[in-house]
Each structure stands twice: as structure tokens, then as C-alpha cells.
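Okay, here's what each chain looks like letter by letter:
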Amino acid sequence: MNIHESAENYLEAILRLSEEHGAVRSIDIAGELHFSKPSVSVAMKKLRESGYIEMDKDGYLSLLPAGREIAERIYERHRLLCEFFIRLGVSPDVAAADACKVEHDLSDETFQRIKEHAQRKNPTRPE
């Protein structure tokens, strides 16, 4: 599964917005990612043609299994990296921005090790 970072960002945005609001349209994606509506429309067409999303007759988007798999993988990475960076003392805004940059480029092996490390309890830190 080899897709570009921009496609991963679109799929992740569809997942997040659908979890927050239920229904998602292209205009919602444009607002969330601060892209123009025409740019988002072109991207949605490519994602539909690639079998990652579908659009109903009213323009509502939904993830197909291949798209959902990618979106969930990227969103898990984003959430965990953001939380991990915050635990390191990084401010929430910087942690979120850095997680967006890193989530796409980490190998599965490195992410798995970070995940394992982040999930360990810190014996010197009160719970």
C-alpha cells in the first residue's frame, strides 16, 4: 500500500470528521485542511477512482475498506505521537504539528517501538 502523504491526510481527515460529525462532504474537508474546494474536489475524484472512498448522490463521503485501513493507521500514529510528544514536555500545538509531519514517514518498525515505549508505565512518574 503505497500512497502519497496528501492522500493519507485526506483519508485521515475524512475519518476524523466522520467520527466528530457523522456526515462529511468535500467542503468540510476543505475547511478542515484549509485547502480550496477545487483542490479537494480533484483529490476526492482521485481517491474515488483508486477505491479508497465513495460519494453518495448527495455528496457525502465515506471510506471504503482500503481507505479506512489507511486512515485508521495514520490517525493512530497521529494520536500516539502527539500524546508521546506532549509527555516529553512539548506544547500541545507543537506536538500536534510535529505528529502531522512524522506520522507519514516513520517505518512500521520504528512506530511499533515508539508505541511500545509510550505504552509502558513510567515507574518514576506518579499515575
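The model shown is predicted, which means the values in this text are computed figures rather than measured ones.

A. Spotlight on the overall build of the protein chain. Looking only at helices and strands, one finds six helices and two strands in the protein chain. N-terminal to C-terminal, the α/β element order of the protein chain is α-α-α-β-β-α-α-α. Seen through its principal axes, the protein chain has C-alpha atoms that stretch 55 × 25 × 20 Å. Counting over 127 residues, the protein chain shows a buried share of 36%. Long-range contacts, defined here as pairs at least 24 residues apart, represent 55% of the contacts in the protein chain between residues at least 6 apart. A total of about 8,000 Å² of accessible surface is found on the protein chain, and carbon and sulfur atoms cover 51% of it. Of the side-chain charges in the protein chain, 18 are positive and 23 negative, and the distance between the mean point of each set is 0 Å.

B. Structural view of helix 4 (residues 65-87). Compared with the 33 Å implied by 1.5 Å per residue over 23 residues, the 33 Å span of helix 4 between its first and last C-alpha is a close match. Inspection of helix 4 places Gly 67, Ile 70, Ala 71, Ile 74, Tyr 75, Arg 77, His 78, Leu 80, Leu 81, Cys 82, Phe 84 and Phe 85 among the buried residues, and these make up the whole buried set. In the stretch just after helix 4, Gly 89 is the one whose phi turns positive, near 105°.

C. Main features of the nonpolar core. Ranked by size, the top nonpolar core spans 24 residues in total, and within it Tyr 10, Leu 11, Ile 29, Met 44, Leu 47 and Ile 53 carry the most contacts. Mapped by element, the contributors of at least two residues to this core are helix 1 (5-21), helix 2 (26-33), helix 3 (37-49), strand 2 (61-63) and helix 4. With near-sequence residues (within four places) excluded, Tyr 10 lies in contact with Ile 29, Leu 33, Phe 35, Ser 39, Val 40, Ala 43, Met 44 and Leu 47.

How each quantity is defined
Residues numbered from 1 in each chain as written. Predicted model: local features only at pLDDT ≥ 70, side-chain atom pairs only at ≥ 80, totals over all residues. Heavy atoms only, no water. Helix = DSSP H or I, 4+ residues; strand = E, 2+ residues; numbered from the N terminus. Buried < 20%, exposed > 50% of the residue type's maximum accessible area, 1.4 Å probe, protein only. Contact = heavy atoms within 4.5 Å. Areas by Shrake-Rupley, 256 points an atom, 1.4 Å probe, with all protein chains shown as cover. Lys, Arg positive; Asp, Glu negative; His and termini not counted. Charge placed at Lys NZ, Arg CZ, Asp CG, Glu CD. Expected span 1.5 Å × (residues − 1). Core = buried A, V, L, I, M, F, W, Y, C linked by side-chain atoms within 4.5 Å.

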